[in-house]
Amino acid sequence: MICMDPLVTNIILVILFVLIFLILGKSNLDIVTFSLFIAIIACVLTALTYDASEAEFIAYIPYRTLIYLIAINIIIVKIEQQKIFQYVAIKLIHFTKSNPRNFFYIICTFAALFSAFMEDISVCVIFIPLTIRATRILKMKSEPYIIGITLSITIGNLLTPYA
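What counts and how
- Residues numbered from 1 in each chain as written.
- Predicted model: local features only at pLDDT ≥ 70, side-chain atom pairs only at ≥ 80, totals over all residues.
- Heavy atoms only, no water.
- pLDDT = per-residue confidence, 0-100.
- Helix = DSSP H or I, 4+ residues; strand = E, 2+ residues; numbered from the N terminus.
- Core = buried A, V, L, I, M, F, W, Y, C linked by side-chain atoms within 4.5 Å.
- Buried < 20%, exposed > 50% of the residue type's maximum accessible area, 1.4 Å probe, protein only.
- Contact = heavy atoms within 4.5 Å.
- Salt bridge = Lys/Arg side-chain N within 4 Å of Asp/Glu carboxyl O.

Enquirer: Hey, could you go over the confidence of the model for the chain for me, with residue numbers and the actual values?
Expert: Residues of the chain with pLDDT of at least 70 account for 96%, and the chain-wide mean is 85. Of all secondary-structure elements in the chain, the lowest mean pLDDT belongs to helix H3 (residues 54-59), at 82, while helix H6 (residues 100-115) reaches the highest, 91.

Here's what the structure looks like:
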C-alpha cells in the first residue's frame, strides 16, 4: 500500500476543505454532490496515509447519529410542506412588531433554550429555516441572525450539565 507523508495529506485536506467553501459560494453548483466527492477523496487520502483498512473506516461511522439526523431532516421536510415555519415566522414577526432587534433577541434566546435540551444540529435544522423565512418576509439579510443563532446554540449547549 502507498504511504503518503502526513504533512502533505493534511495540506491537501485543508485545500479540499477550503474548496467546499468556495463551491458553497457558487449558487449554481450542487454542494451535496461536491461535498460527497471531496469526502471520498479525503477518505482515500487518509487511508493511503495511515494504512487504514475498510473495516476501520466503517467502525468509525456513527450510525445512530446518522439515523437521527436523517429522521430530523424528514420531520423538517414535513414541517416545511405543512408551512408551519411560515406560520411561526409570521407569529414571531407580529410578536416583535417587526422590530429586527427584538426578533434577533427572541430567536437567539429560544435557540439557546432549545439547545439545552436538544442536539445542536437539530436546533440548527429547526431555527435556520424559520429565521430565513422571517428575514425574507421582513426583507432583511439573514446572515447576522444565523450567526447569532449559531453562537446562541453553542452557549446554550455549554450551559447544560451534559456539555
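Having seen the model, we can carry on.
Enquirer: Outline the nonpolar core, listing residues and values.
Expert: Counting 21 residues, the largest nonpolar core has Leu92, Phe103, Ile107, Ala111, Phe127, Leu130 and Ile149 as its most contacted members. Looking at this core, the elements that each hand over two or more residues are helix H4 (63-81), helix H5 (84-95), H6, helix H7 (120-138) and helix H8 (143-158). Ranked by residue count, the leading element in this core is H7, at 7 residues. The residues touching isoleucine 107, leaving out its near neighbours within four places in the chain, are Leu92, Phe127, Leu130, Thr131 and Ile149.

Enquirer: Tell me about the pattern of salt bridges, residues and numbers included.
Expert: Scanning all chains against the criterion turns up 1 salt bridge. Ionic pairing is found between glutamate 80 and arginine 133, a salt bridge with its closest N-O pair at 3.8 Å. A residue pair is termed long-range when its members are at least 10 positions apart, and glutamate 80 in helix H4 and arginine 133 in helix H7 qualify at 53 residues. Residue classification places glutamate 80 among the partly exposed positions, given a relative accessible area of 27%.

Enquirer: Could you give an account of the side chain of serine 122, naming the residues involved and the relevant values?
Expert: Inspection of the secondary structure assignment puts serine 122 in helix H7. Ignoring any residue separated from it by four or fewer positions in sequence, one finds serine 122 in contact with Tyr68 and Ile72.

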